[in-house]
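# Structure at a glance
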Amino acid sequence: MKLKTECHEANHICDKNQYKEATFMEKVRLNIHLIYCRACRKYSMRNSKLTKAVNNPTVQTVSTSEKEAMKQRLQEQLNSSNS
């Protein structure tokens, strides 16, 4: 079993790990690779942030009445700038 992993393999394992599909040995290989590869550590951190954002969204939406009010204000600004 080889423990040395190239970056493209590490990124693939990182993606699999994000969806809980990586095997134990793949996780070991990934963690060894992350010890010495700064670029893949960054990739892994961004992947983690993305997963957290998707799993725990804190998105607040605008109500329909607020959307209509914004549309109306934009239309008024467009009309006044065209005049």
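Quick look at the structure, then. Values in this document were obtained by computation on a predicted structure and should not be read as measured data.

### Remarks on the overall build of the chain
When helices and strands are tallied, the chain shows 4 helices and 0 strands. For the chain, the sequential pattern of α-helices and β-strands runs α-α-α-α. What you see for the chain is a C-alpha radius of gyration of 23 Å, clearly larger than the 12 Å of a compact globule of 83 residues, by over 25%. By principal-axis analysis of the C-alpha atoms, the chain measures approximately 70 × 25 × 15 Å.

### Topic: helix H1 (residues 7–18)
Taking 1.5 Å per residue, 12 residues should reach 16 Å; H1 reaches 16 Å between its end C-alpha atoms and fits that length. Buried residues of H1: Ala10, Ile13, Cys14 and Gln18, and no others. Mapping the buried residues of H1 onto a view down its axis gives an arc of 145 degrees, with all of them on the same face. Against the buried residues of H1 lie helix H2 (24–36) and helix H3 (38–55). Looking at the residues trailing H1, positive phi occurs at Lys20, about 60 degrees.

### Here we look at a positive patch on the surface
Positive charge collects at one region of the surface, where Arg38, Arg41, Lys42, Arg46, Lys49 and Lys52 lie side by side. By the element assignment, Lys52 lies in helix H3.

Conventions adopted
- Residues numbered from 1 in each chain as written.
- Predicted model: local features only at pLDDT ≥ 70, side-chain atom pairs only at ≥ 80, totals over all residues.
- Heavy atoms only, no water.
- Helix = DSSP H or I, 4+ residues; strand = E, 2+ residues; numbered from the N terminus.
- Rg over C-alpha atoms; globule rule 2.2 N^0.38 Å.
- Expected span 1.5 Å × (residues − 1).
- Buried < 20%, exposed > 50% of the residue type's maximum accessible area, 1.4 Å probe, protein only.
- Arc of directions from axis to C-beta.
- Contact = heavy atoms within 4.5 Å.
- Patch = residues over 30% accessible without salt bridge, like charges linked within 9 Å, V, L, I, M, F, W, Y side chains within 5 Å.
- Areas by Shrake-Rupley, 256 points an atom, 1.4 Å probe, with all protein chains shown as cover.
- Salt bridge = Lys/Arg side-chain N within 4 Å of Asp/Glu carboxyl O.
- Lys, Arg positive; Asp, Glu negative; His and termini not counted.
- Charge placed at Lys NZ, Arg CZ, Asp CG, Glu CD.

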